[in-house]
Amino acid sequence: MNKIAVVPGSFDPITNGHLDIVKRAADIFDEVYVVVMNNSMKNPLFNVDERMDLISQVTSGMPNVKVDSSSGLLIDYAKKRKADAIVRGLRAISDFEYEMQITSMNRFLDEHIETFFIMTKNQYSFLSSSIVKEVSRYGGDIHGLVPEVIETALKEKFNSK
Ligand code: ADP
């Protein structure tokens, strides 16, 4: 039977840290849905369609990865997809408490959907979408931290502002 995973996040924008988690999930699960969650972020730089489009471009070489969005509860989305697992990335201790809370709540809502954590590679442990945006906003070099299409998209965003 196909094993299905959901990789949720804001992805504003997707970084090489996220991408590494998606690739590793795609090596283990038969189908992976990268889902742009459209509920918690107040002032995103990229709208949902832009974020989905960027994710599609950078995952185009991964045939078992699909890109989607959701504005409801993650657990409802996971049920809709008949997912076996939710996959999250872990960077540091600072991620742990938040992830523990979310995981416990998701288990309360549906104990059949397991949450799996993949530890980030060392070189991405300091990397977040917000720090990438901050550095890019002031013209810093983020090469190697995000795919090239993301570098370009960030430059376009900040030049057009
Ligand atoms: P959220 O707003 O839910 O934290 P993000 O888009 O920031 O969503 O992150 C989505 C997932 O990717 C989370 O599990 C987060 O811990 C993980 N993640 C973010 N940055 C990295 C990174 N550099 N390395 C590994 N995982 C990461």
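Everything that follows concerns the structure shown earlier in this document.
It should be emphasised that the depicted structure is a prediction, and the values quoted were computed from it without experimental measurement.

Undergrad: Looking at this model, I keep getting lost on the sheet that holds strand S3 (residues 65–70). Mind explaining?
TA: Strand pairing in a sheet relies on backbone hydrogen bonds, with the paired strands running either antiparallel or parallel. Sheet architecture is open: five strands sit in the order S3-S2-S1-S4-S5, paired in parallel fashion. Only two strands of the sheet have a single neighbouring strand rather than two, namely S3 and strand S5 (114–119). Ignoring strand direction, the axes of neighbouring strands in this sheet form an average angle of 30°. Inspection of the sheet shows strand S4 (residues 85–90) paired to S5 by six bridges, in the parallel sense. Note on S5: the bridge partner recorded for Gly 89 is Ile 118. Taken strand by strand, helix H4 (residues 93–109) contacts S4 and S5, and its axis lies near 170° from that of S4.

Undergrad: Please clarify how the environment of Arg 91 should be interpreted in this entry.
TA: Here Arg 91 lies in the loop between S4 and H4. Expressed as a C-alpha distance, the spacing of Arg 91 and Asn 122, which sit 31 residues apart in the sequence, is 8.4 Å. Those residues within four positions of Arg 91 in sequence are excluded, and the remaining contacts are Thr 120, Tyr 124, Ser 125, Leu 127 and Ser 128. Polar contacts involving the side chain of Arg 91 include one to the main-chain carbonyl oxygen of Leu 127, which spans 3.1 Å.

Undergrad: Looking at this structure, I do not really get the packing of aromatic side chains. What am I missing?
TA: Summed over all chains, the structure comprises one aromatic pair. Ring plane angle 90° and centroid distance 5.8 Å describe the contact between Phe 29 and Phe 116, whose orientation is recorded as edge-to-face. Here Phe 29 is found in the loop between helix H1 (16–28) and strand S2 (31–37), whereas its partner Phe 116 is found in strand S5, with 87 residues between them in sequence. Classification of Phe 29 as buried rests on a relative accessible area of 10%.

Undergrad: I keep staring at helix H5 (residues 129–137) and nothing clicks. Help me out?
TA: Among all positions of H5, only Ser 129, Val 132, Lys 133 and Ser 136 are buried. Looking down the long axis of H5, one finds its buried residues gathered within 100° of arc, a one-sided arrangement. Along its buried surface, H5 packs onto H1 and helix H6 (148–159).

Undergrad: Would you take a moment to explain the side chain of Lys 133 for this structure?
TA: Positionally, Lys 133 belongs in helix H5. Polar side-chain contacts of Lys 133 include one of 2.7 Å to the side chain of Asp 12.

Undergrad: Quick question: what am I supposed to make of the pairing of S4 here?
TA: Regular strands place side chains that alternate from one sheet face to the opposite one. Counting buried positions over the six residues of S4 gives five, a clear majority of the element. Across two bridges, strand S1 (residues 4–9) lies against S4 in parallel orientation. Following the sheet pairing, Ala 5 is matched in S4 by Ala 85. What joins S4 to S5 is H4, and the crossover it makes is right-handed.

Undergrad: Whenever I open this one, the pairing of S1 confuses me. Can you help?
TA: Extensive coverage of S1 is indicated by the burial of six of its six residues. Burial along S1 is two-sided: the face carrying Ile 4, Val 6 and Pro 8 and the face carrying Ala 5, Val 7 and Gly 9 are both buried. The pairing of S1 with S2 spans six bridges and is classified as parallel. Bridged to Gly 9 within S2 is Val 36. A crossover links S1 with its parallel partner S2, the connecting element being H1, and its sense is right-handed.

Parameters at a glance
- Residues numbered from 1 in each chain as written.
- Predicted model: local features only at pLDDT ≥ 70, side-chain atom pairs only at ≥ 80, totals over all residues.
- Heavy atoms only, no water.
- Pairing = 2+ DSSP bridges.
- Helix = DSSP H or I, 4+ residues; strand = E, 2+ residues; numbered from the N terminus.
- Axes fitted to C-alpha atoms, helices over the stretch in contact; angles between N-to-C directions.
- Contact = heavy atoms within 4.5 Å.
- Polar contact = N/O pair within 3.5 Å; in protein donor to acceptor, adjacent residues only side chain to side chain.
- Phe/Tyr/Trp six-rings, centres within 6.5 Å; stacked < 30°, edge-to-face > 60°.
- Buried < 20%, exposed > 50% of the residue type's maximum accessible area, 1.4 Å probe, protein only.
- Arc of directions from axis to C-beta.
- Right-handed = clockwise from strand over helix to strand, strands pointing away.

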